[in-house]
Every structure is written in structure tokens, then in C-alpha cells.
Amino acid sequence: MIFGRHSVLKRGCSTWDKQQMPQEEYQGRLEIVRQKMAQQGLDALVIYGDNYAYADLCYLTNYFPKVRGGIGVIPRSGTISLLLNIGSRDVPFAKTLTWVDDVRASGHLGRDCADVLKEKGLAQAKVGLVDSGKGMPLPQLEELKESLPQVQWQPSHSMLQQMRLQKSAKELAALRETGRVLNEICDGAREFINPGRREYEIIADIDRLARDKGVEDIRILSGEKRLQPPSFKMTANAGNHWAVYLAIQHERYWVEVGRTYILSSESKLQSAYQKAQEIVAQMAMQLKRGNSVKVIDETARKQLGEFYATAANYGLGNGIGLNQWEAPYLSEDEARQVGSVSVGASVLNENMTLALRVTFETEGKLILFGDSYEVTPDGPKSLTIK
Amino acid sequence: MNAQQEFENRITKVRQAMREKELQTLLVFDSGRHNFLRMNYVAYLTDFISVGPETMLMLSLEDEPTLFLSPAWDIARAKEESWVKNVQPVDSLWNRLGNHIGKAGLIGREAMNVDLHEELVRALSQTPVNAKDILENMARRKSEFELERLRRAATIADAGVQALHDDARIGLKEFELAAIVEYKMRSLGAEDNFGMVVANNHNQALHPPTDRVVQSGDIIIGEITPCIGGLFVQICRTMVLGKPAPLVNEKYAILKKAMRLGLDAAKTGAPASAVAAAINGTFVEAGYEKYCQPPFMRVRGHGLGCGSSAPGNLEDENKTKLEQGMTFIVHPNQYLPETGYMTLGDTVEMTQSKAEPMTRSSWDIYVKD
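Values in this document were obtained by computation on a predicted structure and should not be read as measured data.

Here helix H8 (residues 199-212) of chain A crosses helix H8 (residues 174-187) of chain B at 175°, and the two axes come no closer than 8 Å. Taken together, the axes of H8 of chain A and H8 of chain B are roughly antiparallel relative to one another. Packed against H8 of chain A, whose contacting residues are Tyr 200, Glu 201, Ile 203, Ala 204, Asp 207, Arg 208, Arg 211 and Asp 212 of chain A, the element H8 of chain B presents Phe 175, Glu 176, Ala 178, Ala 179, Glu 182, Tyr 183, Arg 186 and Ser 187 of chain B at the interface. Classifying every residue of the contact of H8 of chain A with H8 of chain B by side-chain character gives seven nonpolar, one polar and eight charged.

Time to look at the interface of chain A and chain B. Taken together, the contact pairs 52 residues of chain A with 51 residues of chain B. For the side of chain A that touches chain B, the elements supplying multiple residues, two or more each, are helix H3 (91-95), helix H5 (138-147), H8 and helix H11 (308-314) of chain A. The element best represented in the side of chain A that touches chain B is H8 of chain A, accounting for eight residues. In terms of residue class, the side of chain A that touches chain B is built from 21 nonpolar, 15 polar and 16 charged.

Moving on to unusual backbone geometry. Residues and elements named next belong to chain A. For the bond running from Ala 327 to Pro 328, omega is 0°, close enough to zero to count as cis. Of note, the phi angle at Asn 62 is positive, near 70°, even though the residue is not glycine. With respect to the secondary-structure elements, Asn 62 resides in the loop between helix H2 (55-61) and strand E2 (69-75). Exposure remark for Asn 62: the 20 C-beta atoms within 10 Å place this residue in the buried category.

In this section: the domain arrangement of chain B. All names here are of chain B. Per the domain assignment, the segments of chain B are domain 1 (3-139) and domain 2 (144-368). For domain 1 versus domain 2, the separation of C-alpha centres amounts to 33 Å. Opposite the 14 residues of domain 1 that make contact, domain 2 presents 12 residues. Elements represented by at least two residues in the side of domain 1 that touches domain 2 include exactly helix H1 (3-20), helix H2 (41-46) and helix H6 (132-139). Looking at the side of domain 1 that touches domain 2 residue by residue, the class counts come to eight nonpolar, three polar and three charged.

To continue, consider the packing of helix H7 (residues 169-189) of chain A against H8 of chain A. Residue and element names in this part refer to chain A. Across the interface, H7 lies against H8 with an axial gap of 10 Å and an inter-helix angle of 145°. Remark: the crossing between H7 and H8 carries right-handed chirality. Between H7 and H8, the contacting residues are Ile 185, Gly 188 and Ala 189 on the first element and Ile 206, Leu 209 and Ala 210 on the second. Split into classes, the residues belonging to the contact of H7 with H8 amount to five nonpolar, one polar and no charged.

Further remarks concern the sheet that holds strand E5 (residues 126-130) of chain A. Residues and elements named next belong to chain A. The mixed open sheet is built from six strands, whose spatial order is E4-E3-E2-E1-E5-E6. Each edge of the sheet is formed by a strand with only one pairing partner; in this case those strands are strand E4 (102-105) and strand E6 (152-155). Adjacent strand axes in the sheet meet at a mean angle of 20° when their direction is disregarded. Summarising the sheet, strand E3 (residues 81-84) and E4 pair through four bridges and their orientation is parallel. Among the inter-strand pairings, Leu 82 is bridged to a residue of E4, identified as Val 103. The strands touched by helix H4 (residues 109-119) within the sheet are strand E1 (44-50), E2, E3 and E5, with E2 carrying the most contacts at an inclination of about 15°.

Basis of the calculations
Residues numbered from 1 in each chain as written. Chains lettered and ligands numbered in written order. Predicted model: local features only at pLDDT ≥ 70, side-chain atom pairs only at ≥ 80, totals over all residues. Axes fitted to C-alpha atoms, helices over the stretch in contact; angles between N-to-C directions. Helix = DSSP H or I, 4+ residues; strand = E, 2+ residues; numbered from the N terminus. Parallel < 35°, antiparallel > 145°, perpendicular 65-115°, else oblique. Contact = placed C-beta atoms within 7 Å. Nonpolar A, V, L, I, M, F, W, Y, C, P; charged D, E, K, R; others polar. Buried ≥ 20, exposed ≤ 12 C-beta atoms within 10 Å, placed from the backbone. Domains from an automatic or database assignment. Left-handed = near helix turned anticlockwise from the far one by under 90°. Pairing = 2+ DSSP bridges.

Printed below as a string of C-alpha cells:
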């Protein structure tokens, strides 16, 4: 799995494009969730999200925490409440990003969530707890449970994860738009990558390009021999070889790519990069409805040979969408890295979206190629490459 | 003091505190969820800022410390950036835990999820003592090593303000204004930024930027917070594009007066509340008592993680004594009914006697025709 350095604040463009993702989309999701709640005898759901993993919360509310965390309280009927770890002055702005009317500032999410459940008459209810990102801080959860001793808690982490596996038409359109923006950034990045420049200067240029295109957040990892996040310690000047992992969040949806910029005519490196692209293409060819998810890993293993271990270390891919990494995971090990108890889906289906990548070392340099795809009835389709 | 001495000192102090608390092993956790109002304990002890969801430093009284982390591909960076020589994949942590490690303390429990904590308790056959006070107390006064980084971050923050002055113009979108600042600071080496820049002729509050197009007469407010080596410095400033609306300069003068009096009140040994009282008093005197509370303001300043966030929030209830070496932001940011929200603030270092601003940009409202 590729992790970038998590930003303290999602400080890019913060808007809600209601044409791209209208309120009706959320109402439809909410109805399905409430049907599932009824089937499982749940009176309410408590959904935790933060600015690291917001997918479940955002899937129902369109809101994503900019900083720290938030909780959605979803009763089986009646008003949804959104508790956000922000100041009261920030509530009006938060309300521009969600259709939920009842948005409250909360300094103590656990305690305040308990109060909301009591207010809704759910102090003795059966409540599903959704925290698939494993982000809810322990003291907050303890406070919540201690305040509601008669609530029967049921882990429901996979309920929304399963719903999010196959993207709706609106979601696919959003992902394609993110992919289009990312493709433009990759094209633009080429001119910034010149030997002799400090790596953090190049990253600043790429970051600027992305932010000027209205991204909400960005992850950049780069290097000649290994991937690393931006650091003031990154004082080396770029040479003729630079591998870059780029992921952007645009209107809530993440898409990632991997590229290697080889500025020399070193034929071994050029052919290695060509090989990486071919292997990813072969992995992508397995993105067909009914195929086992495992077959992607098997394809990579067969093609990569001795380079498989390094590639697997960085991760060969994962589902992508409202989370930078989500189900389906390509292996149990990948799932475990992000705290998921399973790969989420063992068989591929239409409208799933996955990021695939190949990373290996050769001639003392890192080679990286990756792209994001949707599974269509006609096979794989890149979200970035036209 | 070089980095090696600095971290040797920190480890020596931690071990001393462990002995006092009769702890044989200390586990220090970070979740990779960086919060600029909270410490990153692992970074404080290792100089390594993790990217993965599970990083644990295991420190005993005698043995070499071990850093366990995910993802495994980041081990090489950890070995290079930190002084810790023994760096292992997080999976191998579990084999190292058990009764033999003695009484265990845990720092970073607040960032743990329940499943991980339960797994840890099972593996240890004990519930580790919450030992965060060890680092919270140790880190409250910044060392010269940290101050060097903070001064660099302060220079970058000032450069961010200057870039906004130079490049802000009518017709840009808010997120493009924010990108101007971000770009300047990143190109100078900033690793992260708790940054918000917005523009309106009557701002309600700071928030992340939208796609609103900047217009003549807009008041641009910014809270800019670059990070160097895990340490943040914040600066808050206000500028106007075009002709300011009547009263803007007059009302902004109240913020400047509040800032000056707030700094004057920040004497070493004084409580944090004294700064808040001085700032609030200025607004009360100007007739804005009812605006000295949320949602019209939040606090009058605060400590800044991911180093120590001492002294906490500058508010009436905070009686924490200001100590030499503490760094924090003083910001009389305020919504006023005539002008909307305006911002002014500097990160300060507590010297032997008083607060000295680390950021140098002029306090004047910057007007760009």
C-alpha cells in the first residue's frame, strides 16, 4: 500500500458541485442504508470519519472533515445529525458542503454523540458503529460507550464499504473528472522536472499546478531510488531520473497515478519503464466482471519475476474512490495494512474502480508506473489516459 | 547542539521519567494522522514523521530502542531520517511483546483505535499505563534545536505573506490565492501547512478556500502555518484589494492594539489567561464585549503541534504559566459587525522575561490598489 504524508488540513478548493453529485444521490443511498439497518434490526448508525478516512461519512452526507473528525448519527427514521470537531463559527461553512441540516460543532465527539442519541430517544437502542477507516480515537469511543451503558453496539464497518464497491453513474463521472484533472497535472509536471532543481522545488511546482486546478487534497511521493514524502531534509537536487506517485482528491474522489521521468537516453531504464507499463496493462486486462481479484496479483507475480517482492512491498493496487485506498484489496496483507478485516470483494464486478501500480528497482533506480481504472462491460478503462 | 545530542538528551530524560514511574518499557505510538494542535510523540523522539497508520517506538531502560512501522517500504527513510538504528516492520512488534517486558507505559493512546489497543493489551498481558505526561512535560519548553527549525518556519511564513501581497489580484479564485501562499512556502521547503486564505467584502470566519472570484474591495484574511521538521509556525494577516470599505482601517486598529496589549501581557511566569484578558479587554473597551465569544472568535491564541502544544489555548480558563522556551500564536482574530472577520497574529517565543514575535511581517493592513 502506498501512503503519503497526511496533511494537517485539507486546504484545497472546498465546494460542492451539486450538478455532479446532486442531493438525490444521497437520498437514494440513505434509503438503501435504512433498509439494511432494518434487516439487521439496527435503530441507528453512528458513522465516524476524519480527514484521513472520510469515505463512509461522506458517502451519506457529502461532507468530509477538513481537520480532525466527525460523526454522522443516522436514525432508522427521522433527522440525520452531523457532529463535527470544529468551532461554532465554522458551522455555516460546513453546511455549504452537505445537505444535512442538523450540523453541530463538537469539542467532545464521544460525549456529544451520546447526547444526540439520547435526544433522539436512542439511549437503549441497538446501534451500528461504522468506522472502516479505524480512525475513531479510543478516548472518544470510550466516552461514547460509557455515556450510553444500555445501548447495544454492533460493529457495522462493512455495511457502507460493500455499498461503495460498485460506483454509481454519478460517482464514475466524478472519478473520470478527477482522472482528467490528474492527467493534466501529469502532463504539466514534465516541464518542472529538470536536473539540478531541488526536489522540494519540483514538488512545489506540481502542488501549485494541482491546487490551481481546484483539487481538495494531494499526495506526492517521489525520488530517484525510493519514494518519500516532501521533507525539508530533501535537499538533494534532482538528477536524470525521478519516480513520482501522485494522488489527488477532487470533489471528494481520489485517483492516483505513478510515473517515472527518465531524462537520459539510458536504454535499460527506458525499457524497464516500458516493461512496467506493459505489466500494468496486463494486470488491467484482468479487470473483468467475474474475474477473481487474486488474478491481478497472480498476473503481476508471473510478469515481474524477481522484481515481484519489491513491487508487492509498495503494493500492486487497491480499490480507489472516496478513499485513497479501499476495497477491493488485492490481498489479505494489503487489507490488513489499513485495518480492514477482509479484501472486501473476492470477485470483480462492473463499476468497481481500482488503482494498479508496478514499482521495482533496476540499475540502482526506482521504476514506477501506475494508473487508475474502472471496470466496464467492455473491460478496463483508464480514468486518466484518454 | 547537534541532532544526535538533542535526541540522546531526550531519550535520557525519558528513561529518567520511566524510572520515576517504575516503567520498564515505554511504547510510543503514532497513527499517521497529523494534528497541528496535538503532539506527534514518535516524531519528537525519533525525528521521523511517519506516513503509515501504525508506528510504534519501543523503548526500554537499557536496550537500543526499536522503531516498528508500516508500510515496510518506508523503513529505509526511517533509518536515514531518524537516529534509531533498529527499524522493523510493524508486524514484528507483536513477537517482542509479552510478560518479559515488565511494567509498560503507553504514549499516544489518544490516537489509537480500539482494536489496536485491545490487541496490544492482549499481547502485553497488561493494560499499559498512559504515560503521555512524560513527553508533554518534557516538550513544553522548546530547545534550541527546535527553535532553529521554528525560526526557519517563521521566515517561510513571512515569505508566504509577502507572496500573497505580491501576487494577489482581482479575478483570481480563493483557492488560487491559497495556492500562491502554499507554493511560496513549499518552494522554500515547508512540508505541510495549516493554511486558510479567503476573500470577501464581509468575511464570516476563516475556512478552506472556495471557488469564489476575488473582487475589488475584498478583505483577504489568511491564517498561514508552515511546518518544518514537524514544527509549525503560524501567522495571521489581513489585506485589502482595491479601496478598503470605510471603517476597515479604523476597526483593524483595534486588532493591532489588542495584539500589542496581548504581547505585553505575555510575560514569562504570567498565566496564559492574562493574554486572553488583555485582548478581550481591548475589544470590550471598544464596545464589542458581546463579540468576545464564539462564534465571533474562538480563542486568543494557542500552542502549535506537532511538537508540544503547550501552553494550550489562550483563554480565560487557562491558568497555565507561560515558561521560557514555549512557543505559541497570539491572534486577536475577530468578527466585527461593521467589517466582518479580520485576522492578525504572530507566533511568539517566550524569552527569559517576555514574548518575542518570531514572524516579522508588518502588522499594518496591506492595501493593494
